Amino acid sequence: MTLKNILACISVCTVIACSSKKQSFVDEEKLKQIGREYVALGLSIGQYDPDFVDAYYGPDSLRPAALIDTSDFPKDSLILRVSGLKKQVAGLRAASTSDTIRSRADWLGSQLTAFERRIRIFSGESAAFDTESKELFDAVAPVYDEKHFQDLIARMDSMLPGKGPLPDRFQKIASRFLLPKDKIDTVFRVAIAEARKRTLQHYKLPPGENFKLEYVTDKPWSGYNWYKGNYQSLIQINISQPIFIQRAIDLACHEGYPGHHVFNALLEKNIYHDKGALEISLYPLFSPQSLIAEGSANYGISIAFPGDSQEQYCKQVLMPLAGIDTTGAHLYFEALKIGSALNYARNEVARGLVNKSMTDKEALRWLTDYCLLTEKGATDYLRFIKKYRSYVINYNYGQDLVKNYIEGTAGQDSGKRWKAFEKILSNPMKASDLLATDKQYK
């Protein structure tokens, strides 16, 4: 090749590179505008639907300017705005050559699909349970018939001593590990401190991150993290429900470290502040983001307390602190392992209620017989399902999706698991992303 030809090739390559850089800049600006409209739309929906916005830490300028009459829900106009944004996102995703732009656009498209489904639900329009969960959370949980849970119950039945109905026998054992009310605060603060210490051994969290702990009553949930932005959380624990010893670690990890608090703080720092992705500053509760949030928060328990270390920490630290006798603790924790698989019965209850194929009476029977909840626990969870509907799949199926992703990519190496887990906590992802990766390792 002559020098003239070489110079011509260099010139062409330079033009192409400059053109590509210019196009990426144009696409980035389009995405920023879409992000602003997405946030503004979500906040507008939240004016009518009080459960829509779980957290927001973006600019105050995007908040609705004035109070409105919430008695007239503008379903059609909101859906029209969602549809317009989805078309913009789809067009940008199809035209852009940037993997980063395409990934953000794909995530936004799924979030907007959830916007539309939630608008329809809030206006009283229902769909089949699986349709709802797919559009809201990008996932369809597996279906299990009653025999599946009867078989699990039979396994636990052979394990637990005594005679009579299994739920009664399980509650009899569990009652020995109930936290006394005057020890709840002490035990929770110790459990959260331990979960935080273990998390900080692997992650560098944003400076000044912190949380406030509160105890509340008469809620349909056992714990809740209200993320406030600027790396601050309000963690509420519902003390109207019985709190058993293992729940101190469960909730410490799930609501705090390395769960919701860490998830939100890392997204705020890495995606909102460092990369300027405005869309992440809005956390719509009924969206694919929640499956990742709940699934990672549940799996985070076994990341921080792998193997039997949760049982050992309870027996060695928390039970003595609470004045609880450790006799029979191993049997209790073994029963809890089967109880974890039984949690999928909650999905079937929600599926039955949403699809109108199960009565409240039958739902309560399933919650006591298969989920082994107390009468009050079953009543409270029925309230939860009626309020949150297909959201329930995020806890068990979400956890399994995260588990399969982490263990498929990192194997049994603890350090690699923490690293793979950090990727989930630090990036906008959805269920189909986890499933796509999981298939690569099968």
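Now for a look at the structure at hand.

Here's the deal with the packing of aromatic side chains
Applying the stated criterion across every chain, the model contains 29 aromatic pairs. For the ring pair Phe-211 and Tyr-257, a centre distance of 6.1 Å and an interplane angle of 70° mean the geometry is edge-to-face. Within this pair, whereas Phe-211 is found in strand β2 (residues 210-216), its partner Tyr-257 is found in the loop between α8 (245-256) and α9 (260-273), the two being separated by 46 residues in sequence. Each ring, one from Trp-366 and one from Tyr-370, has its centre 5.1 Å from the other, and the planes form 80°; the classification is edge-to-face. Comparing Trp-366 with Tyr-370, the two get one shared label, buried. Members of the aromatic cluster, joined through ring pairs, are Phe-137, Phe-286, Tyr-381, Phe-384, Tyr-388, Tyr-391 and Tyr-395. If you follow Arg-118 out to its NZ or CZ, it ends over the ring of Phe-286, 3.9 Å from the centre.

Concerning the pattern of salt bridges
Per the counting criterion, the structure on display carries 37 salt bridges. Its salt-bridge partner being Glu-132, residue Arg-389 comes within 2.8 Å of it at the nearest N-O pair. Taken together, the residues span a long stretch of sequence, with Arg-389 in the loop between α15 (375-388) and α16 (393-410) and Glu-132 in helix α4 (residues 129-137) at a distance of 257 residues. In this pair, the class of Arg-389 matches that of Glu-132, namely buried. The partner of Glu-348 in a salt bridge is Arg-351, and the shortest N-O contact between them spans 3.0 Å. Of this pair, Glu-348 and Arg-351 both sit in helix α13 (residues 344-354), three residues apart, which is roughly one turn of the helix. We note that Glu-348, like Arg-351, is buried. The structure contains a network of salt bridges with shared partners spanning Lys-75, Glu-116, Arg-120 and Glu-125.

Brief notes about the side chain of Asp-49
Relative to the helices and strands, Asp-49 is located in the loop between α1 (3-48) and β1 (53-56). A distance of 2.7 Å separates polar atoms of two side chains, one belonging to Asp-49 and the other to Arg-118.

Section: the environment of Asp-433
Mapped onto the elements of the fold, Asp-433 is located in helix α18 (residues 431-440). On the basis of relative accessible area, Asp-433 is assigned to the partly exposed category, the value being 26%.

Conventions used here
- Residues numbered from 1 in each chain as written.
- Predicted model: local features only at pLDDT ≥ 70, side-chain atom pairs only at ≥ 80, totals over all residues.
- Heavy atoms only, no water.
- Phe/Tyr/Trp six-rings, centres within 6.5 Å; stacked < 30°, edge-to-face > 60°.
- Helix = DSSP H or I, 4+ residues; strand = E, 2+ residues; numbered from the N terminus.
- Buried < 20%, exposed > 50% of the residue type's maximum accessible area, 1.4 Å probe, protein only.
- Lys NZ or Arg CZ within 6 Å of the ring centre and 35° of its normal.
- Salt bridge = Lys/Arg side-chain N within 4 Å of Asp/Glu carboxyl O.
- Polar contact = N/O pair within 3.5 Å; in protein donor to acceptor, adjacent residues only side chain to side chain.

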